[in-house]
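Residue-level structural notes
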Amino acid sequence: MTTYVLTAIGDDRPGLVAALAAAVDEHGGSWVDSQLALLAGKFAGIVQVELPDEHAPSFLEALPTLSEQVGLDVVASAGAGGDDEATGRSLQLHLLGQDRTGMVREVTTALTSQGATIDGLRSWTREAPEGGGMLFEAEAEVRLAGGADEDGIRDALEQIAAELMVDLELDSLE
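Right, let's walk through the structure included here. A quick note: this is a predicted structure, and the numbers were derived from the prediction, not measured.

Let's talk about the overall build of the chain
In terms of regular secondary structure, the chain is built from four helices and eight strands. Helices (α) and strands (β) of the chain occur, in sequence order from the N terminus, as β-α-β-β-α-β-β-α-β-β-α-β. For a compact globule of 174 residues, the expected C-alpha radius of gyration is about 16 Å, and the chain comes in at 20 Å, more than 25% above that figure. Dimensions of the chain, computed from C-alpha atoms along their principal axes, come out at roughly 55 × 45 × 25 Å. Long-range contacts, defined as pairs at least 24 residues apart, comprise 71% of the intrachain contacts of the chain with a sequence gap of at least 6. Carbon together with sulfur atoms contributes 49% to the accessible area of the chain, which is approximately 10,100 Å² in total. Counting 9 positive and 32 negative side-chain charges, the chain places the centres of these two groups 7 Å from one another.

The structure is reproduced here in structure tokens:
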């Protein structure tokens, strides 16, 4: 079997996911994992698929037709074939504070400095109660590298939280 990670983007409309799923199925493939979202009127997705080795070339040749047929641009990248070295504990991160530039950069830099990997990140903005401006909120699943210190991550994030004036929670998923 050959593993591909597909990235897909197109103007939102009914049938985009069905068209991609049909292409995978028509080539004997399996839809393994996915994350799909609607952002600013665009459908965006990342999908892991597995295909029999003999069907992979025809599958790759069929992907450009999705753009012509339904307006979905799909790019396939060969899967890495295994998990990376960060196999430590998983943590759930939640951040909430006044929206300002640089928040994601500050937090991700702190995580990187401690050897953590971000397995998933979702962020959004919303109006604060009583006309208090815009709030920025983010949730992330963070995986510690083998031997990484949870206290070191917590300390680095608490320092960032104080500088950014945000509420930041870090909880173990195990």
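Moving on from the model shown.
Here's the deal with the packing of aromatic side chains
Tallying each qualifying case throughout the model produces one aromatic pair. Geometrically, the ring pair formed by Y4 and F59 is tilted, given 6.5 Å between the ring centres and 40° between the ring planes. Of this pair, Y4 sits in strand β1 (residues 2-11) while F59 sits in helix α2 (residues 56-70), and the two are 55 residues apart along the sequence. Accessibility expressed as a relative area gives 10% for Y4, which makes it buried.

Here's the deal with the side chain of E137
Secondary-structure assignment places E137 in strand β7 (residues 134-144). With relative accessibility at 10%, the residue E137 sits in the buried group. At 2.7 Å, the side chain of E137 and the side chain of H94 are in polar contact. Sequence-distant contacts of E137, defined by excluding residues within four places in its chain, comprise H94, L95, L96, R122, S123, W124 and R126.

A short note on the nonpolar core
Core analysis: the largest hydrophobic core is formed by 21 residues, its most contacted members being L93, L95, V107, L111, I153 and L157. Among the elements of the structure, β5 (90-98), α3 (103-113), β7, α4 (150-164) and β8 (166-172) are those that each provide at least two residues to this core. Ranked by residue count, the leading element in this core is α4, at six residues. Within the second largest apolar cluster, 19 residues are counted, among which are L6, F43, V47 and V49.

Considering the environment of E106
With respect to the secondary-structure elements, E106 resides in helix α3. According to the relative accessible area criterion, E106 is partly exposed, its value standing at 22%. Dropping the residues within four chain positions of it, E106 is found in contact with I160, E163 and L164.

So, the sheet that holds β7
Read from one edge of the open sheet, four strands run β6-β7-β5-β8, paired in antiparallel fashion. Looking at the sheet topology across the chains shown, the edges are occupied by β6 (116-127) and β8. Within this sheet the neighbouring strands show an average axis-to-axis angle of 15°, counted without direction. With seven bridges joining them, β5 and β8 adopt antiparallel strand pairing. Residue pairing across strands places L93 opposite L170, the latter belonging to β8. Where α3 meets the sheet, it contacts β5, β6, β7 and β8, and its direction lies at approximately 150° from that of β5. Along the sheet, α4 makes contact with β5, β6, β7 and β8, crossing β8 at roughly 165°.

Definitions and cut-offs
- For every chain, the first residue of the written sequence is number 1, and numbering continues from 1 onward in sequence order.
- Predicted model: local features are reported for residues with pLDDT of at least 70 only, side-chain atom pairs are reported and counted for 80 or more only, and whole-chain, interface and lining totals are derived from all residues.
- No hydrogens and no water enter the side-chain calculation; it runs on all heavy atoms of the structure.
- The helix count covers DSSP runs of H or I at least four residues long, the strand count covers runs of E at least two residues long, and both are numbered beginning at the N terminus.
- With the radius of gyration taken over C-alpha atoms, the globule rule is written as 2.2 Å times the number of residues to the power 0.38.
- Only heavy atoms enter the contact rule, under which two residues are in contact if any of them lie within 4.5 Å.
- Computed with a 1.4 Å probe, the accessible areas rest on the Shrake-Rupley method; for each residue, only the protein chains presented here act as cover.
- Charge assignment: positive for Lys and Arg, negative for Asp and Glu; neither His nor the chain ends contribute.
- A charge is said to be at NZ when it belongs to Lys, at CZ for Arg, at CG for Asp and at CD for Glu.
- Whether two aromatic rings pair depends on their centres lying within 6.5 Å, for rings of Phe, Tyr and Trp, where Trp uses its six-membered ring; planes under 30 degrees apart make the pair stacked, over 60 edge-to-face, and the rest tilted.
- Buried means the residue's accessible area, taken with a 1.4 Å probe over protein chains only, is under 20% of the maximum for its type, while exposed means over 50%, and partly exposed covers the values in between.
- Under this definition, polar contacts are N or O atom pairs within 3.5 Å; protein pairs additionally need one hydrogen-donor-capable and one acceptor-capable atom, and for neighbouring residues in sequence, both atoms have to be side-chain atoms.
- Definition of nonpolar core: a set of buried residues of the types Ala, Val, Leu, Ile, Met, Phe, Trp, Tyr and Cys, connected through side-chain atoms within 4.5 Å.
- One requirement defines pairing of two strands: DSSP has to find at least two bridges between them.
- An axis is simply a line fitted to the C-alpha atoms; with a helix, the fit covers only the stretch in contact. Between two such axes, the angle follows the N-to-C directions and lies from 0 to 180 degrees.

As far as function goes, none of this settles anything; it's purely spatial.
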